[in-house]
Amino acid sequence: AAASLGRLYIGTTAAGMVLPNDGSPVAFNLGHSGVYRLRGDTFAMISKDQSVNAAQLERGEITPEQAAANRNNNITMFLGHPLEMTPVYVHLRVEPGDIFMLCSDGLWDVVPEPQLKEILATEPPDQAVKTYIDRTLRNGAPDNVTVILVEAYAAGWT
């Protein structure tokens, strides 16, 4: 498909979770699709953005304000990458009530993190997904948007 589009290669980013019955889940991502966790009042990205912008921020070459103002989303890893792919794996300790959000950058790049948290903390999961998509569409939806919510219970997952 890349050749038909006049490109060297094309691909996609990905994020996911493996949820084994033994209670030792693993989150993973390639590129800048992400995994977030809401635990009580704490909302945080637990995956690692694999982009030029994130690398510059991590190395201290730019400030968080510069990163937000000068989005450089040239991803450094993706499915379809011509070189060896290196996913990020995060082994998790999960508590009942944890809610995980797996999403594409089409969501988190358009809906600010405080709004992501507020929606997840105040709406039931099925409504939160609809709100995320509606908010993304209202904000211009320059990219595709994917969102999956997973909640941990003492007896398992939903």
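Every value quoted in this text rests on a predicted model; they were computed, and no experiment measured them.

Enquirer: When you look at helix H4 (residues 113-122) in this model, what are you seeing that I'm missing?
Expert: Every α-helical turn comprises 3.6 residues, leaving residues that sit three or four positions apart pointing alike. Leu116, Ile119 and Leu120 are the residues of H4 that are buried. Relative to the axis of H4, the buried residues are bounded by an arc of 95° and lie together on one face. Exposed residues pointing more than 90 degrees away from the buried face of H4 are listed as Pro114 and Thr122. Those residues of H4 that are buried are in contact with strand S3 (34-39), strand S4 (42-45), strand S6 (99-103), helix H3 (105-108), helix H5 (125-138) and strand S7 (147-153).

Enquirer: Which parts of the structure should I look at to understand the nonpolar core?
Expert: A general tendency of soluble globular proteins is for nonpolar side chains to be buried together. In terms of nonpolar packing, the biggest core is built from 16 residues, with Met101, Leu107, Leu116 and Tyr132 touching the most fellow members. Among the elements of the structure, S3, S6, H3, H4, H5 and S7 are those that each provide at least two residues to this core. In this structure, methionine 101 is in contact with Gly34, Val35, Tyr36, Phe43, Leu107, Leu116, Tyr132, Val147, Ile148 and Leu149, ignoring residues within four places of it in sequence. Core analysis: the next-biggest nonpolar cluster, separate from the first, contains 8 residues, Met17, Ala27, Ile46 and Phe100 among them.

Enquirer: Could you clarify how one ought to interpret the pattern of salt bridges in this entry?
Expert: Close approach of charged atoms lets side chains of opposite charge pair. Applying the stated criterion across every chain yields a total of 6 salt bridges. Of the charged contacts, one joins arginine 39 and aspartate 98 as a salt bridge, the two residues approaching to 2.7 Å between their closest N and O atoms. Here aspartate 98 lies in the loop between strand S5 (88-91) and S6 and arginine 39 lies in strand S3, a separation of 59 residues in the sequence. For aspartate 98, a relative accessible area of 1% translates into the label buried. A salt bridge links arginine 59 to glutamate 61; the shortest N-O distance between them is 2.8 Å.

Enquirer: Teacher, can you tell me more about the pairing of S7 here?
Expert: Consecutive side chains along a regular strand alternate between the two faces of the sheet. The buried fraction of S7 is high, at 5 of 7 residues. Inspection of the sheet shows S6 paired to S7 by 5 bridges, in the antiparallel sense. Its bridge partner being in S7, cysteine 103 is matched across the sheet by valine 147.

Enquirer: How should I be thinking about the side chain of serine 47 in this particular structure?
Expert: Summarising the element assignment, serine 47 is placed in the loop between S4 and helix H1 (52-58). A polar contact is formed between the side chain of serine 47 and the backbone nitrogen of valine 35, at a distance of 2.9 Å.

Enquirer: Would you take a moment to explain the side chain of histidine 81 for this structure?
Expert: Topologically, histidine 81 is positioned in the loop between helix H2 (64-69) and S5. At a separation of 3.4 Å, a polar atom in the side chain of histidine 81 contacts the main-chain carbonyl oxygen of threonine 76. From its side chain, histidine 81 meets the backbone nitrogen of leucine 83 in a polar contact 3.0 Å long.

Enquirer: When you look at the packing of H4 against H5 in this model, what are you seeing that I'm missing?
Expert: The angle between the axes and the distance between the axes are what describe a pair of packed helices. It is the contact of H4 with H5, at a shortest axis distance of 9 Å, that shows an interaxial angle of 150°. The angle between H4 and H5 places the two elements in the roughly antiparallel class. Once H4 is placed against H5, the crossing between them reads as right-handed. Taken together, the residues of H5 that come into contact with H4 (itself represented by Gln115, Leu116, Ile119 and Leu120) are Ala128, Thr131, Tyr132 and Arg135. Of the residues belonging to the contact of H4 with H5, the class tally is 5 nonpolar, 2 polar and 1 charged.

What counts and what doesn't
Residues numbered from 1 in each chain as written. Predicted model: local features only at pLDDT ≥ 70, side-chain atom pairs only at ≥ 80, totals over all residues. Heavy atoms only, no water. Buried < 20%, exposed > 50% of the residue type's maximum accessible area, 1.4 Å probe, protein only. Helix = DSSP H or I, 4+ residues; strand = E, 2+ residues; numbered from the N terminus. Arc of directions from axis to C-beta. Contact = heavy atoms within 4.5 Å. Core = buried A, V, L, I, M, F, W, Y, C linked by side-chain atoms within 4.5 Å. Salt bridge = Lys/Arg side-chain N within 4 Å of Asp/Glu carboxyl O. Pairing = 2+ DSSP bridges. Polar contact = N/O pair within 3.5 Å; in protein donor to acceptor, adjacent residues only side chain to side chain. Axes fitted to C-alpha atoms, helices over the stretch in contact; angles between N-to-C directions. Parallel < 35°, antiparallel > 145°, perpendicular 65-115°, else oblique. Left-handed = near helix turned anticlockwise from the far one by under 90°. Nonpolar A, V, L, I, M, F, W, Y, C, P; charged D, E, K, R; others polar.

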